[in-house]
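A closer look at the structure
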Amino acid sequence: MIVGWRFGSLGALILFTTACNSDVPVSATTDVVPPGFHVAVTRVATHPFLARFNLKVTVSTTTGCSTTSELFPDTGGVSRRNLYRADSGQLFVVGQFDARRFDEQSCRVELVEFRSLDAGMTFLGAFDVDQKGNWRFIPAAERAERLFEKL
């Protein structure tokens, strides 16, 4: 009876620790060429079991500009951020609840309204969880654009 309890407890402990989210930051990155931008979206778990994460975007350029901005937090399965390039060369990071524009002139990431997004933007890929559960950048050549549900 005690032997079964030990193995059952060990199995529960292994299951418990593998089911936990880590609070270690995980970054997904890509380079956008041209114009020579490096983009990273980092997420950090805020709950040990639920799919809740804080997210931030960092954009840096070959000219030395580097800026970071907090994104709307993932409060349950909405971490994905689509990356777009406008005809003007500006980058947009778009999520379910927020849209950010990188302005190279001021070296800032700005919150913008959804209605201000250009219709002709080019989808570059998405920062998302892949089929193996890894947070990474998935390029447009690997996976088609997934639009967000209108709320």
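Residues numbered from 1 in each chain as written. Predicted model: local features only at pLDDT ≥ 70, side-chain atom pairs only at ≥ 80, totals over all residues. Heavy atoms only, no water.

**Here we look at the sheet that holds strand E1 (residues 26-32)**
Heads up, the condition is: When DSSP locates at least two bridges between a pair of strands, those strands are taken to pair. Runs of H or I in DSSP of at least four residues are treated as helices and runs of E of at least two as strands, each being numbered from the N terminus. To obtain each axis, a line is fitted to C-alpha atoms, and for helices this fit is confined to the stretch in contact; angles are then taken between N-to-C directions over 0 to 180 degrees.
The strand order E1-E2-E3-E4 describes an open sheet built from four strands, whose pairing is antiparallel. The sheet is open, and its two edges are formed by E1 and strand E4 (66-74), each paired on a single side. Averaged over all pairs of adjacent strands, the angle between their axes in this sheet comes to 20°, without regard to strand direction. Where E1 meets strand E2 (residues 37-45), seven bridges bridge the pair, whose relative direction is antiparallel. Its bridge partner lying in E2, Ala-28 is registered against Val-41.

**Concerning the state of the cysteines**
Counted only if it meets this: In this description, a disulfide is simply a cysteine sulfur pair whose atoms lie within 2.5 Å. Three exposure classes are used, based on accessible area relative to the maximum for each residue type with a 1.4 Å probe and protein chains only: buried under 20%, partly exposed in between, and exposed over 50%.
What the rule picks out here adds up to one disulfide. Between the sulfur atoms of Cys-65 and its disulfide partner Cys-107 the distance amounts to 1.9 Å. With the S-S bond torsion at 100°, the cross-link from Cys-65 to Cys-107 turns out right-handed. On the criterion of sequence distance, the pair formed by Cys-65 in the loop between strand E3 (53-61) and E4 and Cys-107 in the loop between strand E7 (99-103) and strand E8 (108-112) is long-range, its members being 42 residues apart. For Cys-107, a relative accessible area of 22% corresponds to the partly exposed category.

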